[in-house]
There are 2 protein chains.
Amino acid sequence: LITVGAQHGLYLIAQLLLDSNTIFGIENPGYVDMRNVARLTSATVNPLPVSHQGLVLNDAVNECDYVYVTPSHQFPTTVTMPIEHRVELLARATEFDFVIIEDDYESQLEFSGYPAPALKSLDSSDRVLYVGSLSKTLAPGLRIGYLVGPAKLVKELRALRRLMLRHPPANNQRATALFLERGHHDSLLKNLRRAYKERLQTLVIALREYLPEAVHSLALGGSSLWIKGPENLDARKLREYALQAGVLVDSGDVYFLGSERPLNYFRLGFSSIPNGHIRPGVAKLARVINDMGGSRSLGQ
Amino acid sequence: LITVGAQHGLYLIAQLLLDSNTIFGIENPGYVDMRNVARLTSATVNPLPVSHQGLVLNDAVNECDYVYVTPSHQFPTTVTMPIEHRVELLARATEFDFVIIEDDYESQLEFSGYPAPALKSLDSSDRVLYVGSLSKTLAPGLRIGYLVGPAKLVKELRALRRLMLRHPPANNQRATALFLERGHHDSLLKNLRRAYKERLQTLVIALREYLPEAVHSLALGGSSLWIKGPENLDARKLREYALQAGVLVDSGDVYFLGSERPLNYFRLGFSSIPNGHIRPGVAKLARVINDMGGSRSLGQ
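What counts, and at which threshold
- Sequence order as written defines residue numbering, which begins from 1 separately in each chain.
- Lettering of chains starts at A and numbering of ligands starts at 1, both following the order in which they are written.
- At least 70 in pLDDT is required for a residue's local features to be given in this predicted model, at least 80 for side-chain atom pairs to be given and counted, and no such filter applies to totals for whole chains, interfaces and linings, which use all residues.
- In computing side-chain values, all of the structure's heavy atoms are included and hydrogens and water are not.
- Secondary structure elements follow DSSP: runs of H or I of four or more residues count as helices, runs of E of two or more count as strands, with numbering from the N terminus.
- Our radius of gyration is a C-alpha quantity, and the globule rule it is checked against amounts to 2.2 Å times the number of residues to the power 0.38.
- Burial status follows relative accessibility: with a 1.4 Å probe on protein chains alone, a residue under 20% of its type maximum counts as buried, one over 50% as exposed, and anything between as partly exposed.
- Each accessible area is a Shrake-Rupley result for a 1.4 Å probe, and residues are judged covered by the shown protein chains and nothing else.
- The charged-residue count follows a simple rule in which Lys and Arg add positive charge and Asp and Glu add negative charge, with His and chain termini not counted at all.
- Charge placement uses NZ in Lys and CZ in Arg. For Asp and Glu, CG and CD serve respectively.
- Two residues qualify as a contact provided that any one of their heavy atoms is within 4.5 Å of a heavy atom in the partner residue.
- For any pair of parts, buried area is found by adding up, for both, the accessible area (1.4 Å probe) each one loses once the two are put together.
- Every case where a carboxyl oxygen of Asp or Glu lies within 4 Å of a side-chain nitrogen of Lys or Arg is listed as a salt bridge.
- A 3.5 Å cut-off defines polar contacts: any pair of N or O atoms within that distance qualifies, except that in protein one atom must be a possible hydrogen donor and the other a possible acceptor, and neighbouring residues in sequence count only when both atoms are side-chain atoms.
- We call Asp, Glu, Lys and Arg charged. Ala, Val, Leu, Ile, Met, Phe, Trp, Tyr, Cys and Pro are nonpolar, and the rest, Gly among them, are polar.
- Pairing between two strands is assigned when DSSP locates at least 2 bridges connecting them.
- Fitted lines through C-alpha atoms give the axes, limited to the stretch in contact for helices. The angle between two N-to-C directions lies from 0 to 180 degrees.
- Each copy is superposed on the other by least squares, with the fit set by C-alpha atoms of residues at a pLDDT of at least 70 in both.
- Expected span, for any helix, means 1.5 Å times one less than how many residues it has.
- Here the aromatic set is Phe, Tyr and Trp, taking the six-membered ring for Trp, and pairing holds for ring centres within 6.5 Å; pairs whose planes are under 30 degrees apart are stacked, those over 60 apart are edge-to-face, and all others are tilted.

### Looking at the overall build of chain A
Helix and strand content of chain A: 11 helices and 12 strands. What you see for chain A is a C-alpha radius of gyration of 20 Å, in line with the 19 Å of a compact globule of 300 residues. Evaluated residue by residue, chain A yields a buried proportion of 53% over its 300 residues. By element, 52% of the accessible surface of chain A is carried by carbon and sulfur atoms, the whole surface being about 13,500 Å². If you average the places of the 32 positive and of the 30 negative side-chain charges in chain A, the two averages end up 8 Å apart.

Following this line, the structure appears as structure tokens:
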């Protein structure tokens, strides 16, 4: 089903399938708008922990009716779920009778050349609803997303889509179809991967030099790095001060669910920053952190 | 608020404002998808009768919390609500504390040159939510609609829109803005009005000649004629037989709410039929009706 962006696919799924009897599992930290969309329904939202290998497969997963997961690049930590975990998650979906909502966030921005297979591609028993998007590669403004699921469910989702807005704009569907069909999107992806990989390497090297105390997730792709500062760092203040210095940092507290939100995480995006601007930007960021209380504030 | 077509505006309003305590009044015959959108919520839908002057202002109107109305060209009958009725409906909205949802369907396709003012333009006490569209003039496929209401409500609707699909595609918003700003839409409207007026006249003259027994609503604009056949006509069968003869007729039963649906109404669209094809089409339609049982089937 073509949707008005991936968000629209998630909204359609939530409106059609969730009710007051539903336990909806979501990664924590995770995509807060998925939580907000689920909360428009009467479902119970269960935050599930995330490790350096993505969603942690603990007992809480088994109790869910739906599990929302971003396996390619976990949002916001960017880590990739290993193939063994994917196989186990699928086995559990069958054993404990839950449905996986696979938001294949930034799957196409994979730099190693060895992408893990999508859960949907391993799904032999219709346990996975797959949501994808062209927003991270072609253009977010076009609002072109898609959803893959059992034909019977897609029929119902299409009926709901029709009542909601009839259909996604036809001209954008047509233009995107031609762009894909003629191979332009594949070419674009090659260029994006090359450019983003270079920017990520520049960023990692600059961090090692200017902020050696910063602990960042192992990113094999994506468009940003997730960075853990020391316990006493308030990334909301860092965001504010960095902005004044011309560096945009995304503070990480908003991605945590529940009342206890760690304040010492932040995100550095690199996808729309020319390679030459990255190193000077990190140098500026390091100065801001020093001014906030010395390198100790990050290194303690 | 810009929406993905007028339908999207109606959906947003229904999702945000309707609940199990809501009585939602809707014209009968009327826009069935408005009924269907309202039924996705737990609101009570009250069908309200329609006359040759649009919505009938009876006591049932006063008991509604929301009244959905298509005053410019009532859908599907195409009749226009007189100014006196508009003023009275607004006065009642204040007196009986209800909100009017004005779907200004085909308001721009007005041929007399003296359009009645929109309810929203007469609304001095924020009693009207106005829903408009460019689907009937510029292009339905672009899915560009809009909603006008109190700023506080629009803020909430925008938040819901954001969770649903973030925003309508930016390229289509931009292109439409330029098209409107540079006056192209005004030129288009002039051409459409001239062409449609001519087609409507041709259709009315052809009906008088070939189907003199047909009773049609007085249309001062729009894109179709609403026609009442005799009591024993089954327009669903007419639709089927006419299609075989190459004439597309819209049977009217689907626009009635409730269990008692008259079968003898049908709609003839003229907006996308070249003027020269209209007269031969009506001649064909008359032959089909004759074959269905003689002119008596329409004239009894």
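### What about the interface of chain A and chain B?
At the interface, 25 residues of chain A touch 25 residues of chain B. Note on chain A versus chain B: buried area summed over both sides is about 2,100 Å², and carbon and sulfur give 56% of it. Taken as a group, Arg143, Leu163 and Met164 of chain A account for 25% of the area that chain A buries against chain B, more than any other trio of residues on that side. The interface formed by chain A and chain B contains four salt bridges. For aspartate 33 of chain A, the salt bridge goes to arginine 166 of chain B, with nearest N and O atoms at 3.5 Å. Applying the counting criterion to the chain A and chain B interface returns 14 residue pairs in polar contact (both at pLDDT 80 or more). Among the elements of the structure, helix 1 (6-17), helix 2 (32-39), helix 6 (151-165) and helix 7 (170-181) of chain A are those that each provide at least two residues to the side of chain A that touches chain B. Counting residues per element, the side of chain A that touches chain B draws most heavily on helix 6 of chain A, at five residues. Considered class by class, the residues forming the side of chain A that touches chain B number 13 nonpolar, eight polar and four charged.

### Focus: unusual backbone geometry
Residue asparagine 28 of chain A is joined to proline 29 of chain A through a cis peptide bond whose omega torsion reads 5 degrees. Its place among the elements puts proline 29 of chain A in the loop between strand 2 (23-28) and helix 2. A positive phi angle, near 70 degrees, is found at threonine 78 of chain A, a position not held by glycine. If you trace the backbone, threonine 78 of chain A turns up in the loop between strand 5 (66-69) and helix 4 (83-95). With a relative accessible area of 3%, threonine 78 of chain A lands in the buried category. Unusually for a residue other than glycine, aspartate 126 of chain B sits at a positive phi of about 50 degrees.

### Structural notes on the sheet that holds strand 10 (residues 224-228) of chain B
Residues and elements named next belong to chain B. Spatial ordering of the open sheet is given by 9-10-12-11, a layout of four strands whose pairing is antiparallel. For this open sheet the edge positions go to strand 9 (215-216) and strand 11 (250-251), each flanked by a neighbour on one side alone. Pairing of strand 11 with strand 12 (residues 265-269) involves two bridges; the strand directions are antiparallel. The partner of aspartate 250 across the bridge, within strand 12, is arginine 267. Here helix 8 (residues 184-210) sits on the sheet and contacts strand 9, strand 10 and strand 12; the angle it forms with strand 10, its principal contact strand, is near 25 degrees.

### Let's talk about the relation of the copies chain A and chain B
Here chain A sits on chain B after a turn of 180 degrees about the axis and a move of 0.0 Å along it, with an RMSD of 0.0 Å. Look at the turn and shift together and you get a two-fold axis relating the two. A symmetric contact is evident, with 100% of the interface residues of chain A recurring at the interface of chain B.

### Topic: helix 6 (residues 151-165) of chain B
Residue and element names in this part refer to chain B. In a regular helix each residue adds 1.5 Å, so 15 residues correspond to 21 Å; helix 6 covers 21 Å between its end C-alpha atoms and thus fits that length. Buried residues of helix 6: Leu153, Val154, Leu157, Leu160, Arg161, Leu163, Met164 and Leu165, and no others. Once helix 6 ends, the next one or two residues include arginine 166, with phi positive near 70 degrees.

### Structural notes on the environment of glycine 145 of chain B
Inspection of the secondary structure puts glycine 145 of chain B in strand 8 (residues 145-148). The exposure class of glycine 145 of chain B is buried, given its relative accessible area of 0%.

### Focus: the packing of aromatic side chains
Taken as a whole and assessed by the stated rule, the structure comprises 18 aromatic pairs over all chains. Judged by centre distance (5.7 Å) and plane angle (90 degrees), the ring pair of tyrosine 31 of chain B and phenylalanine 75 of chain B falls under edge-to-face. Of this pair, tyrosine 31 of chain B sits in the loop between strand 2 (23-28) and helix 2 (32-39) while phenylalanine 75 of chain B is found in the loop between strand 5 (66-69) and helix 4 (83-95), placing the two residues 44 residues apart along the sequence. Its relative accessible area of 16% is what places tyrosine 31 of chain B among the buried residues. Through a chain of ring-to-ring contacts, the aromatic side chains of Tyr31, Phe75, Tyr105, Trp226, Tyr255, Phe256 and Tyr265 of chain A assemble into a single cluster.

### Looking at the environment of glycine 141 of chain B
Take glycine 141 of chain B: it is sitting in the loop between strand 7 (128-133) and strand 8. Residues glycine 141 of chain B and valine 4 of chain B, 137 residues apart in the sequence, show an inter-C-alpha distance of 9.9 Å. Once residues within four sequence positions are removed from consideration, glycine 141 of chain B is found in contact with His167, Pro169, Ala170 and Asn171 of chain A.

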